[in-house]
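Overview (structure and organization)
Now for the letters of each chain:
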Amino acid sequence: MTRSSSSSSSPALAFARNAGPVLVVALLAIGFWWLLSATVYQGKGYLLPSPQEVAAATVENAATLAGATLSTLKEALLGYALAIVVGIAGAAVLAQSRLLERSLYPYAVLLQTVPVVAIAPLIVLWFGYNELSVVIVSFIMSLFPIINNTMLGLRSTSRNLAELFALHRAGGLVSFWKLRLPGALPHIFAGLRISAGLSVIGAIVGEFIIGSGNAEGGLGVQIVFAQGRMYTALLFAEVIAATLLGFLFFLVVSAIGRLLLRHWHESALGS
């Protein structure tokens, strides 16, 4: 009886242990926010609306927020998926040859360092004012961490294991699929976690630059319109929605990584 009760309560205890500190900090932040809005910014809701005003704006504009969030989610997912395919495949190719790495890797770095705002006019010129341009911006912003971390993982293969595969006359393709790629998974998922948030940021930035020509669109478009109307409570709601969307991406990728790594890699053991 004691054993069953303790085992049944363990999920609740684990949730409290993991989520409890996060919830406490969130409640403290909301309390501090409310205190500021009720004292320093009292009567200045256009500068800092209260949590109640933001909640009311969220309920009042729920349909618009839901549609904008889904639009940004679709653009970020497409850009992120494209970055995963191109990033992992590109890193796998570059990791096969030092000459290729020295020749092409600097251009991946340059792609990361060029401000998106600077190349946005070219993207619009080539692809137009549409969702495709936003997806491309999201793709550009989320690509480099995947390439960089995948290459690091593929270059970090244990030399002893590589020599063991060579001793058994395993070909390059077999060694890649059965040794180098599985061994690189922790690094790959580290890059995927970084890029998860960047893909959402890229989609919203793309909407700022490209998708603000009409009242329809994702969270970036709605943020521009709320700012133009000085509707600060709705602006806060949209920023919170964008933050939660990026956090959701991060949680999903982290959960998938734990599922794949939890039985054999130190970073996920005991998760």
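Residues numbered from 1 in each chain as written. Predicted model: local features only at pLDDT ≥ 70, side-chain atom pairs only at ≥ 80, totals over all residues. Heavy atoms only, no water.

**A word on the packing of aromatic side chains**
Scanning the entire structure with this criterion turns up three aromatic pairs. Plain terms: the ring middles of Trp33 and Phe236 are 5.7 Å apart, the flat faces sit at 25° to each other, and that makes the pair stacked. Placement of Trp33 in helix H1 (residues 2-38) and of Phe236 in helix H10 (residues 232-261) is noted, with a sequence separation of 203 residues between them. When its relative accessible area of 18% is taken as the criterion, Trp33 is described as buried. Owing to a relative accessible area of 26%, Phe236 belongs among the partly exposed residues under this scheme. (Phe/Tyr/Trp six-rings, centres within 6.5 Å; stacked < 30°, edge-to-face > 60°. Helix = DSSP H or I, 4+ residues; strand = E, 2+ residues; numbered from the N terminus. Buried < 20%, exposed > 50% of the residue type's maximum accessible area, 1.4 Å probe, protein only.)

**Focus: helix H5 (residues 116-127)**
Along H5, the positions that sit buried rather than exposed are Val116, Ala120, Ile123 and Val124. All buried residues of H5 lie within an arc of 100° about the axis, which places them on one face of the element. Exposed side chains of H5 directed beyond 90 degrees from the buried face belong to Ala118, Pro121, Leu125 and Trp126. A positive backbone phi angle near 90° is found at Gly128, which sits one or two residues after H5. (Arc of directions from axis to C-beta.)

**Focus: the side chain of Arg180**
If you trace the backbone, Arg180 turns up in helix H8 (residues 172-209). Buried within the structure, Arg180 lacks any salt-bridge partner; Glu101 is the closest side chain of opposite charge, at an N-O distance of 8.2 Å. In contact with Arg180, not counting residues within four places along its chain, are Ala95, Gln96, Leu154, Thr157 and Ser175. (Lys, Arg positive; Asp, Glu negative; His and termini not counted. Salt bridge = Lys/Arg side-chain N within 4 Å of Asp/Glu carboxyl O. Contact = heavy atoms within 4.5 Å.)

**With respect to a nonpolar patch on the surface**
A contiguous nonpolar surface patch, about 510 Å² in accessible area, is contributed by Val40, Tyr41, Tyr46, Leu47 and Met230. Assignment of secondary structure puts Val40 in the loop between H1 and helix H2 (51-60). For Val40, a relative accessible area of 52% puts it in the exposed group. (Patch = residues over 30% accessible without salt bridge, like charges linked within 9 Å, V, L, I, M, F, W, Y side chains within 5 Å. Areas by Shrake-Rupley, 256 points an atom, 1.4 Å probe, with all protein chains shown as cover.)

**Quick notes on the pattern of salt bridges**
Considering all chains together, one arrives at three salt bridges under this definition. Where Lys74 meets Glu131, a salt bridge forms, and the shortest distance between an N and an O atom there is 3.1 Å. Residue Lys74 is found in helix H3 (residues 62-94), and its partner Glu131 is found in helix H6 (residues 131-155); the two are separated by 57 residues along the sequence. The class of Lys74 is partly exposed, set by a relative accessible area of 41%. With relative accessibility at 35%, the residue Glu131 sits in the partly exposed group. Linking Arg98 and Glu101 is a salt bridge whose minimum nitrogen-to-oxygen distance equals 3.5 Å.

**Some points on the nonpolar core**
Core analysis: the largest hydrophobic core is formed by 50 residues, its most contacted members being Leu192 and Phe249. When contributions to this core are tallied by element, the ones reaching two or more residues are H2, H3, H5, H6, H8, helix H9 (219-228) and H10. In terms of residue count, the dominant contributor to this core is H6 (12 residues). Beyond its immediate stretch of four places on either side in the chain, Phe249 contacts Leu73, Ala76, Leu77, Tyr80, Ala196, Ser199 and Val200. (Core = buried A, V, L, I, M, F, W, Y, C linked by side-chain atoms within 4.5 Å.)

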